[in-house]
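# Close look at the chain arrangement
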Amino acid sequence: PNTTTALFVVDDKAEVREYFNNEGFNRWNKIYSESDEVNNVQLDIRDGHGQTIQKILNWVEDDGNIKGKTVCDCGCGVGSLAI
């Protein structure tokens, strides 16, 4: 029998860009904003993020005066500790 096979080409970069510019950003915004529209998992992430920030700030404070020192916030987060 004569059959036709369709070939679909997906632009992976475009798919990822589309996700992060829309749904991904909306999810990120819910977690890291003051929005009340978060589910329990997003709330846990938000709470954990706040605890991590406080822990790092306590470390900086415990080390004493950091005037004149260079600090680098390396990670894959929102850069909220960036100075």
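What you see is a predicted model, and the numbers here were worked out from it, not measured in a lab.

## A short note on the packing of aromatic side chains
All told, the structure shown has three aromatic pairs when counted by the stated rule. Consider the rings of tyrosine 19 and phenylalanine 20, whose centres lie 5.0 Å apart with planes at 85 degrees: the pair is edge-to-face. These aromatic residues form a ring-pair network of at least three members: Phe25, Trp28 and Tyr32.

## A look at the environment of tyrosine 19
Within the secondary structure layout, tyrosine 19 lies in helix 1 (residues 12-21). Its relative accessible area of 34% is what places tyrosine 19 among the partly exposed residues. The residues touching tyrosine 19, leaving out its near neighbours within four places in the chain, are Gly24, Phe25 and Arg27.

Reading the values: the criteria
Residues numbered from 1 in each chain as written. Predicted model: local features only at pLDDT ≥ 70, side-chain atom pairs only at ≥ 80, totals over all residues. Heavy atoms only, no water. Phe/Tyr/Trp six-rings, centres within 6.5 Å; stacked < 30°, edge-to-face > 60°. Helix = DSSP H or I, 4+ residues; strand = E, 2+ residues; numbered from the N terminus. Buried < 20%, exposed > 50% of the residue type's maximum accessible area, 1.4 Å probe, protein only. Contact = heavy atoms within 4.5 Å.

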